[in-house]
Amino acid sequence: MSWKDTTLYSILNTKCPRCHTGDMFPKGTLYNFRKFAAMHEKCSCCGQAFEPEPGYYYGAMFVSYAFSTAIFIAVWIGLSFFVEEVTLTMMIIALIISVVALLPINFRLSRSIWINIFIRYKGPCQHQEV
Ligand SMILES: [Zn+2]
């Protein structure tokens, strides 16, 4: 089993959960403010739908909450490392900057994790549309 066969590979690279080949999101749009949420309809390789049903990613919100909590903790620890006394204003400003800066990553990783929970890897793509 190689790194490409792991679920983590699919999640971190936002690859199709079924074949780990097709991209879930168009390339080069991560930090394009208008396009970061744009998603391919289906896998270009195996044809797996990336939004199998309307509202499919509702639950990805919970994954996103977990990320936001992690960001919160990281910012808090980071600030108290560099600043002697962390004020509420400082904390809020640092949080807003981090959350906004990481929003596209948070959004995509949440969706990637979510779809990987439900769709299992079926091996490398054989270029068969299903
Ligand atoms: Zn695929």
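Anyway, here's the lowdown on the structure attached to this text. Keep in mind it's a predicted model, so treat the numbers as computed, not measured.

## A look at the coordination of the zinc ion
Distances from the zinc ion to its protein donors, namely C16 (SG), C19 (SG), C43 (SG) and C46 (SG), fall within the range 2.2 to 2.3 Å. You can call C19 buried: its relative accessible area is 3%. Given the relative accessible area of 7%, C46 is considered buried.

## Section: unusual backbone geometry
For T14, which is not a glycine, the phi torsion comes out positive at approximately 40 degrees. Inspection of the secondary structure puts T14 in the loop between helix 1 (7-12) and helix 2 (60-82). We classify T14 as buried; its relative accessible area is 14%. With a phi close to 60 degrees, H20 is a non-glycine residue in the positive phi region. Its location among the elements puts H20 in the loop between helix 1 and helix 2.

Here is what the cut-offs are and how they apply
- Residues numbered from 1 in each chain as written.
- Predicted model: local features only at pLDDT ≥ 70, side-chain atom pairs only at ≥ 80, totals over all residues.
- Heavy atoms only, no water.
- Donors = N, O, S within 2.8 Å, 3.2 Å for Na, K, Ca; no water.
- Buried < 20%, exposed > 50% of the residue type's maximum accessible area, 1.4 Å probe, protein only.
- Helix = DSSP H or I, 4+ residues; strand = E, 2+ residues; numbered from the N terminus.

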